[in-house]
Amino acid sequence: MKRVFIFIIFLFIVLGVSAQMTVSGILDSTVSMNVGAGDSPAFSYGIEEFANIRFQSRIRDKATVHGAVNLIAASGIHAFPLTGIGMSFSSENFISVIELERLYFRLRGEHVDIDGGLFRLPFGYGQVWGSSDFLNPKNPLKPDARPRAILGTALTWYPIDELKLLCFYSAPREPLSIKGEGSFFGLSMDRHWDNASLQGLYSFETPSDNFKFGIHRAGFSLKADIEIGFVIDALYTYNHEEKFSIDGLSFSIGADYSFFDGDLIVLAEYLYNGKTSSTAEGFGGNFKNNHYLYTGFTWIFDSFTNMNIALISSFDEISFTPFISVNHDLFQGAVLTFTVQTPFDLDSFSRVNLSAKLRLRF
């Protein structure tokens, strides 16, 4: 408990020493309920209070320092994922966590930027699956989740306005690695045109106990706006202990289109998930089957209310996860969201998850 107070006091001291520092963030208040069937509990619930506090400070016109901290208090079904995360402790009726989310600097030059610390390093243009985003893969079941950061550095060069060249280093996934086993080095290139963008990516993961010769990853991502929004995202993973095979490929292709003057937006994105690819379970991703399809519909009722209906389908085992969310702006900076999610397959119906969340932006 003492270390928590020390951390909070230190944070406020840091926030107060710079007149140029800005602070912003979100506060989410969530109540969830699960109604189960079969092997699932007949009833379970949870409460969570989540704050993401972000701060930024400029150092003249040449540098900025960025940081973000997650503050979480939860009970019930929301408390289980928090055990062992960040700076956590238990009280009588909740578990609380203080977690450092971002902490990095950015040096700006006329054509070159340098980032270093704990920061986000995204790749690919895919909206749902994130085949190229191997360092911090997406989870379509949690579209509002802010992607995790990596500890490393990146140098970005802009030779012309429409071209970006990036080289990066990321520390190993295993934080106690003292010899650098499993570190990531890589290069990427982004080229932009009026209606299209192309990204190429290569990364090498240094040898470790699991992969004696290291791991190579290479791929590309393409997006274009040609009446419809079109995207392709592909990354191939290769290590010398395996032969070249389709198992190393993660490939997604999708499109979105709007109807009725933009009131209805339709999004569909297919994923092929190879068994040893970037999106595969056990290799950095979240998926165990080969074929997935995401289909989503967003209906905008007015300036304050919209509804999202989505379905994630897996064709290998014929399973489905539909979810519906309704979002309503109570006033500027305050959004109330109701969500229903129900995973099931041909043989079973496991549970229904209901949640209500109030998000305040400050």
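Below, the discussion takes up a nonpolar patch on the surface. A surface patch of nonpolar side chains, amounting to about 620 Å² of accessible area, comprises Ile59, Val65, Phe105, Leu107, Val112, Ile114, Leu155 and Trp157. Take Leu155: it is sitting in strand β7 (residues 150-160).

The next thing to look at is the pattern of salt bridges. Under the defined criterion, the tally for this structure stands at 6 salt bridges. Between Asp28 and Arg359 there is a salt bridge whose closest N-O contact spans 2.8 Å. Highlighted residues: Asp28 in strand β1 (residues 22-36) and Arg359 in strand β20 (residues 351-361), separated in sequence by 331 residues. Taken individually, Asp28 and Arg359 each receive the classification buried, so the pair is uniform in this respect. For Asp115, the salt bridge goes to Arg106, with nearest N and O atoms at 2.6 Å.

Our focus in this paragraph is the pairing of β1. With 14 bridges joining them, β1 and strand β2 (residues 43-59) adopt antiparallel strand pairing. Paired with Thr30 across the two strands is Glu48, which belongs to β2. Pairing between β1 and β20: 11 bridges, direction antiparallel. Looking at the pairing, Ser29 lines up with Leu358 of β20.

Here we come to the nonpolar core. Core analysis: the biggest nonpolar cluster contains 13 residues, and Leu121, Phe123, Phe134, Leu135 and Phe168 have the highest contact counts within it. For this core, the secondary structure elements donating two or more residues are β7 and β8 (163-170). With residues up to four places along the chain from it excluded, the contact list for Phe123 reads Ser132, Asp133, Phe134, Leu135, Leu166, Phe168, Ser188, Gln199 and Leu201. Grouped together as the second largest cluster of nonpolar side chains are 10 residues, Val128, Phe287, Tyr294 and Ala310 included.

On to the packing of aromatic side chains. Taken as a whole, this structure holds 14 aromatic pairs when the rule is applied. Ring plane angle 50 degrees and centroid distance 5.1 Å describe the contact between Tyr169 and Phe185, whose orientation is recorded as tilted. Of this pair, Tyr169 sits in strand β8 while Phe185 sits in strand β9 (residues 184-192), placing them 16 residues apart in sequence. Given the relative accessible area of 27%, Tyr169 is considered partly exposed.

The topology assignment puts Asn306 in strand β16 (residues 305-314). Taking the C-alpha atoms as reference, Asn306 lies 8.5 Å from Ser325; in sequence the two are 19 residues apart. Apart from the residues within four sequence positions on either side, Asn306 is in contact with Trp299, Ile300, Phe301, Ser325, Val326 and Asn327.

Bringing unusual backbone geometry into the picture now. One non-glycine residue, Glu227, lies in the positive phi region at around 70 degrees. Looking at the secondary structure, you find Glu227 in the loop between β11 (215-226) and β12 (228-239). Its identity as a non-glycine residue notwithstanding, Phe260 has a phi of 55 degrees, on the positive side. Relative to the helices and strands, Phe260 is located in the loop between β13 (249-259) and β14 (264-273). By relative accessible area, which is 56% here, Phe260 ends up exposed.

Looking at where Glu99 falls in the secondary structure, it is placed in strand β5 (residues 95-108). There is a polar contact of 2.2 Å between the side chain of Glu99 and the side chain of Arg148.

With respect to the helices and strands, Lys357 occurs in strand β20. Not counting chain neighbours up to four residues away, the residues in contact with Lys357 comprise Asp28, Ser29, Thr30, Asp144, Val335, Leu336 and Thr337.

Here 8 bridges tie β8 to β9, and the two strands are oriented antiparallel to one another. The residue bridging Leu165 from the neighbouring strand is Met189, located in β9. Alignment of β9 against strand β10 (residues 196-205), held across 9 bridges, turns out to be antiparallel. Bridge assignment links Asp190 to a residue of β10, and that residue is Gln199. With antiparallel pairing between neighbouring strands as the criterion, β9 and β10 make up a hairpin whose turn holds 3 residues.

Parameters and conventions
All residue numbers refer to position in the chain's written sequence, counted from 1. Predicted model: local features are reported for residues with pLDDT of at least 70 only, side-chain atom pairs are reported and counted for 80 or more only, and whole-chain, interface and lining totals are derived from all residues. Each side-chain value is worked out from all heavy atoms of the structure, with water and hydrogens disregarded. Exposure above 30% relative accessible area and the lack of any salt bridge qualify a residue for a patch; like charges then connect within 9 Å, and the nonpolar side chains Val, Leu, Ile, Met, Phe, Trp and Tyr within 5 Å. For the accessible areas, the method is Shrake-Rupley and the probe is 1.4 Å, while residue cover comes only from the protein chains on display. Salt bridges are defined by distance alone: a side-chain nitrogen of Lys or Arg within 4 Å of a carboxyl oxygen of Asp or Glu. Strands are runs of DSSP state E lasting at least two residues, helices are runs of H or I lasting at least four, and both sets are numbered from the N terminus onward. Burial classification: accessible surface area is computed with a 1.4 Å probe over protein chains only, and a residue below 20% of its type maximum counts as buried, one above 50% as exposed, and the rest as partly exposed. Think of it this way: DSSP has to see at least two bridges between two strands before they count as a pair. Definition of nonpolar core: a set of buried residues of the types Ala, Val, Leu, Ile, Met, Phe, Trp, Tyr and Cys, connected through side-chain atoms within 4.5 Å. Whether two residues touch is decided by their heavy atoms; if any such pair falls within 4.5 Å, the residues are in contact. We call Phe, Tyr and Trp rings a pair once their centres come within 6.5 Å, taking the six-membered ring for Trp, and we label the pair stacked below 30 degrees between planes, edge-to-face above 60, and tilted otherwise. Any pair of nitrogen or oxygen atoms within 3.5 Å is treated as a polar contact; in protein, a donor-acceptor pairing is required on top of that, and neighbouring residues in sequence qualify only through side-chain atoms on both sides.

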